[in-house]
Amino acid sequence: MTAQLIDGTAIAEQIRAGVAADVKARKEAGKSIPGLATVLIGENPASQVYVRSKQKACAEVGIQSFGQTLPATVSQAEAEALIKELNDNPAVNGILVQLPLPKGLDEERILNTIRLDKDVDGFHPVNIGRLAQKGRDPLFVPCTPSGVMYMLEKSLPSLEGVNAVVLGRSNIVGMPVALLLVRANATVTICHSRTHNLPDVVRSADVLVAAVGKAEMVRGSWVKPGAVVIDVGINRVEDATRPRGYRLVGDVAFDEVKEVAGAITPVPGGVGPMTIAMLLKNTLAAAEMSDK
Ligand code: NDP
């Protein structure tokens, strides 16, 4: 392996330890304990796992969590009423609505109902809009993209002027990552399912962020020698040698790309742990905002 491994687990651990220390200092200073409300609608098993791990991470750093669950059959008005109740609850600093929502609910309207200063997931249309505008700042940046940027900033002295290629343009990963890279003065190319000559475009990247959801799509021959590669993808591939019958891989063919890249994140243990660490950081920041 020639690439340096970017260890998301270790970086996330440092962030969590920092949050835990700050929460403890708040308690000692008689300030409020930060609180995160998780809103889980329906019974999507993956969403249940994500929400549980967010609540566990909160407990580990001393953040209170308020778990709210609603059935998939809930009406739009009832879902919005719950968000409004949480908006008015002073013990709740951050509100996280676990996506995707069950069919029939209007995601944009629900996210729009969250008070801006409690939008710790950063998906409120105003926060995303500000992210896209020069001279404006969102109150919160979405957690996975913010974790990606944190790792890039640790891996490179500067992003200014570098050629960055983002694979994927989703609302939750690709597009906000691209906007953040632009804010960091990188020169950004966004690729998607209609991009022509994808391997050639990817080969121009000094920084590559892959968020497509296609197992090991990015091959070693696509990557510029020395590039920094951040693999956001989490994909299950069948593996009869594993007790669960599958293993997790990224969107990057790790074994090939690690021989070409300058630095690379593994899957698992790369971007995944950073997402929750950034959520904890955002929740602490929301509590600090509420002090003022
Ligand atoms: P989406 O399915 O919402 O978006 C995928 C994007 O990839 C789309 O823009 C799509 O293009 C593009 N794409 C799909 N196929 C191709 C292709 N063959 N060539 C080029 N582009 C393609 O996924 P998400 O953004 O939600 O997630 C991406 C991955 O990241 C998934 O594996 C997901 O599990 C993972 N993830 C990991 C997180 C973490 O914490 N580590 C958090 C969130 C997601 P188009 O727009 O044209 O359809």
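Please read these numbers as outputs of a predicted model, since none were measured by experiment.

Asks: Help me understand the nonpolar core, please; the structure alone is not making it clear to me.
Replies: Side chains of nonpolar character tend, in soluble globular proteins, to be buried together. Counting residues in each nonpolar core, the largest one holds 48 residues, and the members touching the most others are Leu 152, Leu 181, Val 209 and Ile 230. Within the residue set of this core, elements represented by two or more residues are helix H1 (8-28), helix H2 (45-61), helix H6 (143-155), strand E5 (163-167), helix H7 (174-183), strand E7 (207-210), strand E8 (228-231) and helix H10 (271-291). Sort the elements by how many residues they give to this core and H10 lands first, with 9 residues. When residues of this core are sorted by domain, at least three fall in each of domain 1 (31-115) and domain 2 (143-272). With sequence-adjacent residues up to four places away left out, Leu 152 is seen in contact with Leu 159, Leu 181, Val 207, Val 209, Val 228 and Ile 230. Residues Ile 83, Val 92, Leu 105 and Leu 111 belong to the second largest nonpolar core, which totals 19 residues.

Asks: Quick question: what am I supposed to make of the sheet that holds strand E11 (residues 263-264) here?
Replies: Strands belonging to one sheet form pairs held by backbone hydrogen bonds; the direction of such a pair is parallel or antiparallel. Taken together, the 6 strands give an open sheet; going across it, the order is E1-E11-E8-E7-E5-E6, and neighbouring strands pair in parallel fashion. A strand with exactly one partner marks an edge of an open sheet, and here the two such strands are strand E1 (4-5) and strand E6 (187-191). Across 5 bridges, the pairing between E5 and E6 is parallel. Within E6, the position partnered with Asn 163 by the bridge is Thr 187.

Asks: I would appreciate a short explanation of the site of the ligand in the present structure.
Replies: Not every one of the 21 residues close to the ligand is listed here, only the nearest: Arg 169, Ser 170, Ser 193, Ile 234 and Thr 275. One of the side-chain nitrogen or oxygen atoms of Ser 170 is found 2.5 Å away from an oxygen atom of the ligand. Here the ligand, which alone exposes 930 Å², has 70% of that area covered by the protein. Element by element, the count of residues in the shell around the ligand is highest for H10, at 3 residues. Its residues placed into classes, the shell around the ligand shows 9 nonpolar, 10 polar and 2 charged.

Asks: How should I be thinking about the pairing of strand E2 (residues 35-41) in this particular structure?
Replies: Taken across its 7 residues, E2 has 7 buried, putting it largely inside the fold. Burial along E2 is two-sided: Gly 35, Ala 37, Val 39 and Ile 41 facing one way and Leu 36, Thr 38 and Leu 40 facing the other are all buried. By the bridge criterion, 7 bridges tie E2 to strand E3 (residues 64-70) in an arrangement that is parallel. Residue pairing in the sheet places Ala 37 in a bridge with Phe 66 of E3. Considered for its hand, the β-α-β crossover made up of E2, H2 and E3 is right-handed. Pairing geometry for E2 and strand E4 (residues 94-97), over 4 bridges, is parallel. Of the residues in E4, the one forming a bridge with Val 39 is Val 97.

Asks: Teacher, can you tell me more about the packing of H6 against H7 here?
Replies: Helix-helix packing is described using two parameters, namely the angle between the two axes and the distance between the axes. Between H6 and H7, the shortest axis-to-axis distance is 9 Å and the interhelical angle comes to 40°. Taken as axis vectors, H6 and H7 run oblique relative to one another. Here the hand of the crossing between H6 and H7 comes out right-handed. On the side of H6, the interface is formed by Pro 145, Ser 146, Val 148, Met 149 and Leu 152, while H7 contributes Pro 176, Val 177, Leu 180 and Leu 181.

Asks: Can you help me understand the layout of surface pockets in this one?
Replies: Any empty space left between atoms is shown by rolling a water-sized probe over those atoms. Roughly 1500 Å³ of volume is contained in the largest pocket. Looking at the largest pocket, it is lined by 44 residues, and the ones nearest its centre are Tyr 50, Thr 144, Ile 234, Gly 272 and Thr 275. Breaking the lining of the largest pocket down by element, the ones donating at least two residues are H2, E4, H6 and H10. Tallied by class, the residues present in the lining of the largest pocket amount to 24 nonpolar, 12 polar and 8 charged. Mapped onto the domain boundaries, the lining of the largest pocket takes at least three residues apiece from domain 1 (31-115) and domain 2 (143-272).

Asks: Can you walk me through the pattern of salt bridges in this structure?
Replies: Two side chains that carry opposite charge are able to pair once their charged atoms sit near each other. Here the structure, examined in full by the defined rule, presents 13 salt bridges. With a closest N to O distance of 3.4 Å, Lys 24 and Glu 28 form a salt bridge. One end of the pair is Lys 24 and the other is Glu 28, both in helix H1 and 4 residues apart, which spans about a single turn. Given the relative accessible area of 53%, Lys 24 is considered exposed.

Reading the values: the criteria
Residues numbered from 1 in each chain as written. Predicted model: local features only at pLDDT ≥ 70, side-chain atom pairs only at ≥ 80, totals over all residues. Heavy atoms only, no water. Core = buried A, V, L, I, M, F, W, Y, C linked by side-chain atoms within 4.5 Å. Buried < 20%, exposed > 50% of the residue type's maximum accessible area, 1.4 Å probe, protein only. Helix = DSSP H or I, 4+ residues; strand = E, 2+ residues; numbered from the N terminus. Domains from an automatic or database assignment. Contact = heavy atoms within 4.5 Å. Pairing = 2+ DSSP bridges. Near = heavy atom within 4 Å. Polar contact = N/O pair within 3.5 Å; in protein donor to acceptor, adjacent residues only side chain to side chain. Areas by Shrake-Rupley, 256 points an atom, 1.4 Å probe, with all protein chains shown as cover. Nonpolar A, V, L, I, M, F, W, Y, C, P; charged D, E, K, R; others polar. Right-handed = clockwise from strand over helix to strand, strands pointing away. Axes fitted to C-alpha atoms, helices over the stretch in contact; angles between N-to-C directions. Parallel < 35°, antiparallel > 145°, perpendicular 65-115°, else oblique. Left-handed = near helix turned anticlockwise from the far one by under 90°. 1 Å grid on protein atoms, 1.4 Å probe; cavity = no way out; pocket = protein on both sides within 12 Å on 5 of 7 lines; lining within 4 Å. Points joined across faces, edges and corners; volume = space filled by probe spheres on them. Salt bridge = Lys/Arg side-chain N within 4 Å of Asp/Glu carboxyl O.

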